[in-house]
Amino acid sequence: MENLEMRDVSFTYPGGYLAVENINFFAEGGEKIAFVGENGAGKSTTAKLINGLLKPTKGEILIDGVSTKGKTTAAIARNVAYVFQNPDDQIFRQDVFSEIIYTPKYFKVNEDDIRKRVKKAVKMTGLKTYINENPYNLSYAHRKLVTIAAAIAADPDIFILDEPTACQDRRGIQLLSKIIDRLASEGKLVITITHDMDFVAENFDRTVCMAKKHILMDDETSKIITNDAVMEKASLKRTQVSLLASEMGYDGIITSEDFLDTIMGSRKCPV
Amino acid sequence: MEVIRMNNLSYRYPTTEEYCLKNVSFSIQEGELCAIAGSNGCGKTTIGNIIRGLIPSFHGGEIEGTLEIFGKSSKEISADEKAKRIGFVFQNPFTQNSGIKETVFEEIAFGLENIGVGREEIITRVMDIIEMLKIESFMYKHPLELSGGYRQRVALASIIVQNPEIMVIDEPTSQLDPKGTEEVFEIIKLLNRQKKTIVLVEHKMELVAEYADHIIYLNEGTVLLDGTAEDVLANEILYKKNLEMPQVARLGFQAREKGLMIEKVPITMDGAVKIFAKYGKCVKDGGGSHGES
């Protein structure tokens with residue numbers, strides 16, 4: 001896949017609730033993009049529109065310039081893996097291995113490729129020791145990794161990860177960073193919906209900030225995190241490092257590394 | 001007064017061979033906001049389940065050592081009494097929602113109905129909690145239609161309304177946006193001020209640093225550190241072992257590693273601002289020299 005475009009997309013749930021309005025968004029394969037914003041801003045709805053679980057009630061979505069209008073959810077989903085916010089909404093097999101192998105098998109991928117894909121997915125997510133376990137014997141954080149492994153094995157062009165860092169600890173978050181980097185380097189488009197601004201600051205160059213059914217700002221991550229007005233509107237909090245940097249008079253710094261390099265390159269204040 | 005005491009407790013789930021808690025001992029005082037912190041799989045949630053009594057009564061497994069609550073052995077406290085005096089907010093709100101109530105209001109009232117509280121009192125208590133948690137705008141919505149963050153607030157409300165003496169709260173903000181997270185923590189603080197003992201299972205260390213009086217830090221099923229927020233979160237062992245700690249504390253250790261000899265490792269934003277202030281652009285010192293030239 002080369003690119004994805006949302007053109008004036010709105011969605012109204014049956015019953016009349018307008019969840020997103022006039023979304024315009026363009027992204028290319030190989031990009032990693034964070035979607036941030038308050039609860040109820042329309043992030044998950046946008047994700048479901050991209051993978052076809054929901055169909056725009058207005059506007060259209062184009063993949064490589066071709067409208068997805070009229071295509072079935074099954075046809076679109078083949079290209080777009082949506083990893084649910086709640087892994088328990090997604091997991092349905094009795095053991096980790098069956099869960100991971102399910103989609104490529106369903107798509108009738110040849111045996112050799114299936115084996116390769118499953119091996120890669122297991123390796124990337126570090127689930128080897130749990131391969132024969134029932135997913136429900138694993139922690140929430142591990143179950144989330146199972147659903148990500150299943151998406152990797154499906155080998156789509158677009159990944160949408162909904163709150164992947166929820167309940168992950170430091171090691172889990174470091175692992176997720178690696179997974180996202182690897183997928184992007186393979187030319188996949190990785191869209192990550194998250195509230196974890198530290199994770200966004202350290203991992204994503206581009207961020208889309210949503211509030212009240214709209215895209216409020218779509219820009220470089222550092223510009224969004226240091227824009228107090230936008231962060232306030234989206235009910236987001238700046239990261240500790242970026243706050244500290246601003247407090248000290250250094251604007252636009254959002255990572256620990258940049259922060260330390262900057263202050264250590266600076267002169268000390270006279271006491 | 002000591003309200004919870006665990007002595008040399010070890011526990012293993014029925015389906016696993018390895019013990020997930022090994023010789024865990026600690027004590028929690030009445031009215032404390034005590035955080036159980038640590039990485040995934042270290043046993044935080046298990047401790048919450050043991051205090052509430054879901055282990056071993058529901059999950060089974062093998063348990064050694066002792067647990068005392070309200071000065072009595074946990075075994076001598078009936079399930080009924082535990083349910084009334086110890087509230088438990090599940091990590092995953094999707095697990096906790098009853099699934100049989102059609103509005104948020106009824107969902108919150110469910111626990112009170114079950115123990116036979118009168119209609120008028122139920123309405124008053126539920127409305128008080130709805131106001132306190134700022135969920136008026138969706139009190140007539142179906143609980144299953146809510147987003148993860150809203151469900152989390154409803155789950156918390158359903159327990160607070162029952163007015164338990166101890167509240168065990170398992171990662172209450174995992175699905176909330178940062179503003180919602182802060183609101184929930186303000187509610188927890190408020191409950192704590194009303195003398196509730198709060199056992200908070202949490203791995204967001206920035207929040208723990210800001211709110212907890214006492215931290216029990218677990219690692220691989222044992223107690224690694226036990227003390228005040230300052231003692232625990234600025235401990236170098238956490239940095240060396242690559243474990244969870246507040247972003248500013250990690251920054252403090254990283255700075256030292258790079259040769260910047262800050263006198264103290266901060267654990268909160270305010271602390272960090274004080275400690276790092278002298279490396280700023282001199283904006284704050286009023287000395288006239290503004291910005292780099």
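In the block above lies the structure referred to throughout.
For clarity, every value in this text was computed on a predicted model and none was experimentally measured. (Residues numbered from 1 in each chain as written. Chains lettered and ligands numbered in written order. Predicted model: local features only at pLDDT ≥ 70, side-chain atom pairs only at ≥ 80, totals over all residues. Heavy atoms only, no water.)

Caption draft 1: Summary view of unusual backbone geometry. Residues and elements named next belong to chain B. Omega for the bond connecting Ile55 with Pro56 falls within 30 degrees of zero, at 0 degrees, which places this linkage in the cis form. Among the secondary structure elements, Pro56 is positioned in helix 2 (residues 54-57). Despite not being glycine, Asn8 has its phi angle at roughly 40 degrees, a positive value. Mapped onto the fold, Asn8 is located in strand 1 (residues 2-12). Assessed through its relative accessible area of 46%, Asn8 is described here as partly exposed. Of note in the backbone geometry, Asn23 takes a positive phi value of approximately 50 degrees without being a glycine. (Helix = DSSP H or I, 4+ residues; strand = E, 2+ residues; numbered from the N terminus. Buried < 20%, exposed > 50% of the residue type's maximum accessible area, 1.4 Å probe, protein only.)

Caption draft 2: Layout of the packing of aromatic side chains. Under the criterion given, the structure shown has 13 aromatic pairs over all chains. Judged by centre distance (4.8 Å) and plane angle (90 degrees), the ring pair of A:Phe11 and A:Tyr13 falls under edge-to-face. Here A:Phe11 falls in the buried class, since its relative accessible area comes to 6%. An aromatic cluster is built from A:Phe92, A:Tyr102, A:Tyr106 and A:Phe107, whose rings are joined through pairwise contacts. Looking at A:Arg78, its charged tip hangs above the ring of A:Phe107, at a distance of 4.1 Å from the centre. Over the ring of B:Phe70 we find B:Arg85; its NZ or CZ atom is 3.7 Å from the centre of that ring. (Phe/Tyr/Trp six-rings, centres within 6.5 Å; stacked < 30°, edge-to-face > 60°. Lys NZ or Arg CZ within 6 Å of the ring centre and 35° of its normal.)

Caption draft 3: Spatial organisation of the pairing of strand 7 (residues 158-162) of chain A. Residue and element names in this part refer to chain A. Most of strand 7 is tucked away: five of the five residues are buried. Judged by which residues are buried, strand 7 turns out to be covered on both faces: Ile158, Ile160 and Asp162 on one side and Phe159 and Leu161 on the other are all buried. Pairing of strand 6 (residues 80-83) with strand 7, which is carried by four bridges, proceeds in the parallel orientation. Bridge pairing links Tyr82 to Ile160 in strand 7. Bridge count for strand 7 against strand 8 (residues 189-193) is five bridges, and the pairing is parallel. Bridged to Phe159 within strand 8 is Val190. On the question of chirality, the crossover connecting strand 7 to the parallel strand 8 by way of helix 6 (residues 170-185) is right-handed. (Pairing = 2+ DSSP bridges. Right-handed = clockwise from strand over helix to strand, strands pointing away.)

Caption draft 4: Focus on the packing of helix 3 (residues 96-106) of chain A against helix 5 (residues 140-154) of chain A. All names here are of chain A. Two elements in contact, helix 3 and helix 5, have axes separated by 7 Å at closest approach and are oriented at 30 degrees. In terms of orientation, helix 3 lies roughly parallel with respect to helix 5. Viewed along their axes, helix 3 and helix 5 form a crossing whose handedness is right-handed. Every residue of helix 5 that contacts helix 3 at Val96, Glu99, Ile100, Thr103 and Pro104 is listed here: Val146, Ala149, Ala150, Ala153 and Ala154. Across the contact of helix 3 with helix 5, the residue classes tally to eight nonpolar, one polar and one charged. (Axes fitted to C-alpha atoms, helices over the stretch in contact; angles between N-to-C directions. Parallel < 35°, antiparallel > 145°, perpendicular 65-115°, else oblique. Left-handed = near helix turned anticlockwise from the far one by under 90°. Contact = heavy atoms within 4.5 Å. Nonpolar A, V, L, I, M, F, W, Y, C, P; charged D, E, K, R; others polar.)

Caption draft 5: A look at the nonpolar core. A:Ile100 and A:Ile152 are the most contacted members of the largest nonpolar core, which has 47 residues in total. Setting aside residues no more than four positions away along its own chain, A:Ile100 makes contact with A:Val118, A:Ala121, A:Val122, A:Val146, A:Ala149, A:Ala150 and A:Ala153. B:Leu33, B:Val126, B:Ile159 and B:Tyr211 belong to the second largest nonpolar core, which has 36 residues in total. (Core = buried A, V, L, I, M, F, W, Y, C linked by side-chain atoms within 4.5 Å.)

Caption draft 6: Focus on the sheet that holds strand 3 (residues 32-37) of chain A. All names here are of chain A. Read across the open sheet, the six strands follow the order 6-7-8-3-9-10; overall the sheet is mixed. Each end of this open sheet is capped by a strand with a single partner; those strands are strand 6 and strand 10 (214-220). Taking the axes of each pair of neighbouring strands and ignoring which way they run, one obtains an average angle of 15 degrees across the sheet. As paired strands, strand 3 and strand 9 (residues 206-211) are joined by five bridges and run parallel to one another. Each residue of the ladder has a partner; that of Ala34, found in strand 9, is Thr207.

Caption draft 7: How the structure looks around helix 12 (residues 247-257) of chain B. All names here are of chain B. Summarising burial for helix 12: eight of the 11 residues are buried, a large majority. The set of residues buried in helix 12 consists of Gln247, Val248, Ala249, Arg250, Leu251, Gly252, Phe253 and Ala255. Of the residues one or two after helix 12, Gly259 is the one with positive phi, at around 100 degrees.

Caption draft 8: Expanded view of the interface of chain B and chain A. Counting residues at the interface gives 49 residues for chain B, matched by 42 residues for chain A. Interface of chain B and chain A: buried area, both sides summed, is about 4,300 Å²; carbon and sulfur atoms make up 53% of it. Linking chain B with chain A are two salt bridges. A salt bridge links A:Asp261 to B:Lys258, with the shortest nitrogen-to-oxygen separation between them at 2.8 Å. Contributing elements (two or more residues each) for the side of chain B that touches chain A: helix 7 (148-160), helix 8 (178-193), helix 12 and helix 13 (269-276) of chain B. No other element matches the six residues that helix 12 of chain B contributes to the side of chain B that touches chain A. (Buried area = accessible area lost by both parts, 1.4 Å probe. Salt bridge = Lys/Arg side-chain N within 4 Å of Asp/Glu carboxyl O.)

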